[in-house]
Amino acid sequence: MTDDRHLQGLAGAERISSSELAGQRTTAGAPVDLVVIGTRATSAVSVVQRAHRQWPGASIAVIHPDPDAVRRRASYAPGVPLDLVIAGADDSDLPFRLQLLRSSSIGRRRHSAVLDAVVHGANRAETTAPSPVTAVGALLEHAPLAVLVADDGGGLLGWNRRAEVLFDLQPGSTGQSVDDVVPGALAMVDKTTPPGGAGGPPVDVHPPLRLRVADRVDVEVSAVTSQTDLGRPVVLLLVVDVTDQRRVERERDRLAAQVELLGRVSDSLMVSLDLAESQSRLAGTLVPALADWVSIQLWDERDQPAGVLVRHRDPARAAVASRIERLKSRSGVITEPSRRAASGQEVYLREVDAQGLVAEVPDAGLRSLVQQLGLSSVIAVPVPGRAGVLGSLLLARGPDRTRFTDSDLGLAVEIGRRAGIALDNARLYSGQRHLATELQQSLLTAPPVVSFTDIAVRYVAAAQQAQVGGDWYDAFRQRSGDLVLVIGDVVGHDTRAAAAMGQIRGLVRGICFTSGDPPSQLLSSLDEAIVGLELTTMATAVLAQLSPPTRDGVRMRWSNAGHPPPVLLDTSGRARLLGPGSGRADLLLGVDEMARRTTEETTLAAGATLLFYTDGLVERRDQDLDQGLQRLLSAVEAHAAEDLDALCDAVLGAMVPRAPEDDVAMVAVRPRPISCDEVVPS
């Protein structure tokens, strides 16, 4: 099967053809140490398989013009020896390698004979019956993966040692379906096709199959086609242990999921500064992503419940969750994990049985409700604030879900920390908002009751501040009996603007009550007081005087210091702006005490509506002022038939977003129809 020059130096060499090899039968003659397959062999791998079966103890070498092609085909061919040598015909060191290979074979044979003699006796008769299992060959036997050999019908023919251990195979497993050993493998076998001809390379015929064996080992199964030494097509199922890889992947996925959940927790807590809404959004993020249900308890400075929220993943159990909230809020009863967490401890109970439930929920009434929600695994962590622990966060899973792990505890601690920062901010904001509201309400008093006109006032605070700013309204009577209406806006939007607004409002009241001057002179006096008292502030304002009605109606005089123009809705339902008669607005207050100011005058018919407002009603970042004014006129006309309070509410609903960027103040008046007795002579 080879050229003579390749066998130089090899004593006792015998040459036979491939066809002669196929007809050989095992004999008891002299042992064969080395088989050299030369370039004349038509299918080198098939000859290797036959030679290895004929002389399993012999070393085998292949001499071929394309050694790489032979190596590729031999890689997954059953019945190929582990020490197979594949060389090119022109390799200069080939004789030396062949001699070395033969010596190795002789050494192995002698070692095996000695070992066999020691263990079994030198003359032990051969009684072992031939195995029905197809031999996979030394190469695949020593491969670092499990190998199953199946016929084209999916019947199991053989396997290597790793497969035997992994799948607990016995000699009797031969012939059974590969699906019984590797679920899903039969589909891989069914899609195989025989090799494209003798000597063709193995063909990968199916995407890898991933499964878990005996619930302990993760494997990935690939299928390649091959054939035996007799040309019988087979499919090799190559099973790689990927347990460590899957463990790393699961850990990676777990960490990614935790990072993603933390991101969603932070996002949910950034949406609102309302304490109750923040709690609700946090609970919605954690359930069901991390827990089946969650309980968030916050405490006030006197260690009394200040906010309790319980949320379950099942909407049908919402009533039970609400009962727990009421019970905790009214009586202060609490679970033991929540109590410990509120004291600053981290609690992790991987498994809670019936006896443990009694210990962890001592109150019988609360325990009954908790049982309805389901409690098999618990984590409770503190919710820390700036000055101490604000409360606790309890996460619970029911019996139908996997138990919490140590990594879940670490995640919960971080969630509690982030929640503490956000909820502390929300609590601080809530306190500031309450204080600001009280301050604002003390400055923005209710309007007086006037016989000849209805008066309505509104104030909406900006969403991004502590509900205090420089917008204000006022309505009061002068000594003369005239009604004074004021709408104004101090430059700025903070507590300093609110303080300046309070000072200016007081000055307006004092100046107007003691003076009978027209509106323009009243604003000039106010301008002089701002400069003289060194208030260092600026403001826009409209000041109007409404006199008791005459036969023609209610006379109104007003002066505008750089403020948006009032809206007049006449009795026909048409709205218009009361702009300056000269076409040019007066200067705002606090800029020039000598600025010239003008007084405008009109008469309001009974049933007409006059609307004063601040710029927060009409100004938006995404539209210019003219568009805002036009929207206002349209909104007023659309609700012209409403009573005064309903009109104000409708205008605010149409013009002000849910979270306004600026304060909005409004004053609206509507003269009433009067009898002849109430008419003041002209």
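Shown above is the structure to which this text applies.
Throughout what follows, the structure given in this document is the object of discussion. Only a predicted model underlies this, so the values are computations on that prediction, with no experimental measurement involved. (Residues numbered from 1 in each chain as written. Predicted model: local features only at pLDDT ≥ 70, side-chain atom pairs only at ≥ 80, totals over all residues. Heavy atoms only, no water.)

### Considering the overall build of the chain
Argument step 1. When helices and strands are counted, the chain shows 19 helices and 23 strands.
Argument step 2. Expressed as a percentage of the 682 residues in the chain, the buried residues total 48%.
Argument step 3. Long-range pairs, those at least 24 residues apart, make up 67% of the contacts in the chain between residues at least 6 apart in sequence.
Argument step 4. Carbon together with sulfur atoms contributes 51% to the accessible area of the chain, which is approximately 33,500 Å² in total. (Helix = DSSP H or I, 4+ residues; strand = E, 2+ residues; numbered from the N terminus. Buried < 20%, exposed > 50% of the residue type's maximum accessible area, 1.4 Å probe, protein only. Contact = heavy atoms within 4.5 Å. Areas by Shrake-Rupley, 256 points an atom, 1.4 Å probe, with all protein chains shown as cover.)

### Quick word on the environment of Val656
Argument step 1. The residue Val656 is located in the loop between helix H19 (644–655) and strand S23 (664–671) in this model.
Argument step 2. On the basis of relative accessibility, which here comes to 14%, the residue Val656 falls in the buried class.
Argument step 3. When the C-alpha atoms of Val656 and Arg620 are compared, they prove to be 9.6 Å apart, with 36 residues separating the residues in sequence.

### Some details on helix H9 (residues 243–270)
Argument step 1. Taking 1.5 Å per residue as the helical rise, H9 with its 28 residues ought to reach 40 Å, and the 40 Å between its terminal C-alpha atoms agrees with that figure.
Argument step 2. Within H9, burial applies to Thr243, Arg246, Glu249, Gln258, Leu261, Leu262, Val265, Ser266, Ser268 and Leu269. (Expected span 1.5 Å × (residues − 1).)

### Let's talk about empty space enclosed by the protein
Argument step 1. Taken as a whole, this structure holds two cavities of 30 Å³ or more when the rule is applied.
Argument step 2. In this structure, the largest cavity spans a volume of roughly 50 Å³.
Argument step 3. Taken together, Trp558, Asn560, Pro580, Ala585, Asp586, Thr598 and Glu600 make up the full set of residues lining the largest cavity.
Argument step 4. Tallied by class, the residues present in the lining of the largest cavity amount to three nonpolar, two polar and two charged.
Argument step 5. In this structure, the second largest cavity occupies an estimated 40 Å³ of space.
Argument step 6. Its residues assigned to classes, the lining of the second largest cavity comprises seven nonpolar, one polar and one charged. (1 Å grid on protein atoms, 1.4 Å probe; cavity = no way out; pocket = protein on both sides within 12 Å on 5 of 7 lines; lining within 4 Å. Points joined across faces, edges and corners; volume = space filled by probe spheres on them. Nonpolar A, V, L, I, M, F, W, Y, C, P; charged D, E, K, R; others polar.)

### Re the environment of Val62
Argument step 1. Within the element layout of this structure, Val62 appears in strand S2 (residues 59–63).
Argument step 2. When the C-alpha atoms of Val62 and Leu84 are compared, they prove to be 7.7 Å apart, with 22 residues separating the residues in sequence.

### Comments concerning the pattern of salt bridges
Pairs can form between side chains of opposite charge once their charged atoms are near each other.
Argument step 1. Per the stated rule, a full pass over the model turns up 29 salt bridges.
Argument step 2. Here Asp474 makes a salt bridge to Arg505, at a shortest N to O gap of 3.6 Å. Taken together, the positions of Asp474 in strand S15 (residues 471–477) and Arg505 in helix H16 (residues 495–514) put the pair 31 residues apart, joining distant regions of the chain. Residues Asp474 and Arg505 agree in their burial class; the two are buried.
Argument step 3. Here the salt bridges do not stand alone but share partners, grouping Arg210, Glu220, Arg246 and Glu249 into one network. (Salt bridge = Lys/Arg side-chain N within 4 Å of Asp/Glu carboxyl O.)

### Considering the pairing of S23
Within a regular beta strand, the side chains point alternately toward one face of the sheet and then the other, so they alternate between its two faces.
Argument step 1. Among the eight residues of S23, eight are classified as buried, and the element is accordingly described as predominantly covered.
Argument step 2. In S23, alternate side chains face the same way, and those of Val664, Met666, Ala668 and Arg670 on one face and Ala665, Val667, Val669 and Pro671 on the other are all buried.
Argument step 3. Strand direction decides the pairing type here: strand S14 (residues 453–460) and S23, joined by eight bridges, are antiparallel. When the sheet's bridge partners are listed, Val460 is paired in S23 with Val664.
Argument step 4. In terms of strand pairing, strand S22 (residues 609–613) meets S23 through four bridges, oriented antiparallel. When the sheet's bridge partners are listed, Leu611 is paired in S23 with Ala668. (Pairing = 2+ DSSP bridges.)

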